[in-house]
Amino acid sequence: DQPLAGAIVVLGDDRGLTSEESTRYTELAEAQGAGMVLRVSLGGTTLLASHAIVIVQHYLDERLHTCEVPKPRDYGYGKQEGKDPKRQKTS
């Protein structure tokens, strides 16, 4: 799988796009040089539009985001139980 180089997302409703709409979007994408047109469904569960956008954004992040995630910082918490000055009880 090659990572996506760019994307245009068209969200439909629970009924999806009509065949005419789908054909027109495909023609527009191909006219702009799109290498592929993907049609996906987010499933049969009713979603708020904001939730659908978050799901699509997560997918695109997974496909487009290629930098390495740095190792989490080790702040030393929990290494000496009860010895963390920030967590000591005050009297």
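Further up the page is the structure itself.
Structure report, in brief. (Residues numbered from 1 in each chain as written. Predicted model: local features only at pLDDT ≥ 70, side-chain atom pairs only at ≥ 80, totals over all residues. Heavy atoms only, no water.)

Looking at helix α2 (residues 49–64)
With 16 residues, α2 extends 22 Å between its outermost C-alpha atoms, agreeing within 8% with the 22 Å of an ideal straight helix rising 1.5 Å per residue. By the burial criterion, the buried members of α2 are Ala52, Val56, Leu60 and Arg63. Buried positions in α2, seen along its axis, are confined to an arc of 70° and lie on one side of it. The outward face of α2, more than 90 degrees from its buried face, is lined by the exposed residues Val54, His58 and Glu62. (Helix = DSSP H or I, 4+ residues; strand = E, 2+ residues; numbered from the N terminus. Expected span 1.5 Å × (residues − 1). Buried < 20%, exposed > 50% of the residue type's maximum accessible area, 1.4 Å probe, protein only. Arc of directions from axis to C-beta.)

As for the side chain of Thr26
If you trace the backbone, Thr26 turns up in helix α1 (residues 19–31). Among the polar contacts made by the side chain of Thr26, one reaches the side chain of Arg39 at a distance of 2.6 Å. Apart from the residues lying within four places of it in its own chain, the contact partners of Thr26 are Val37 and Arg39. (Polar contact = N/O pair within 3.5 Å; in protein donor to acceptor, adjacent residues only side chain to side chain. Contact = heavy atoms within 4.5 Å.)

Considerations on a nonpolar patch on the surface
Together, Val9, Leu11, Leu42, Leu47, Ile53 and Ile55 give the surface a local cluster of nonpolar side chains, amounting to about 480 Å² of exposed area. With respect to the element layout, Leu42 can be found in the loop between α1 and α2. (Patch = residues over 30% accessible without salt bridge, like charges linked within 9 Å, V, L, I, M, F, W, Y side chains within 5 Å. Areas by Shrake-Rupley, 256 points an atom, 1.4 Å probe, with all protein chains shown as cover. Salt bridge = Lys/Arg side-chain N within 4 Å of Asp/Glu carboxyl O.)

So, the pattern of salt bridges
In this structure the tally under the stated criterion is two salt bridges. The partner of Arg15 in a salt bridge is Asp13, with the nearest N and O atoms 2.9 Å apart. The class for Asp13 is partly exposed, based on a relative accessible area of 42%. Its salt-bridge partner being Glu27, residue Arg24 comes within 3.7 Å of it at the nearest N-O pair. Residue Arg24 and its partner Glu27 are both found in helix α1; the two are separated by three residues, about one turn of the helix. The partly exposed category is assigned to Glu27, whose relative accessible area is 42%.

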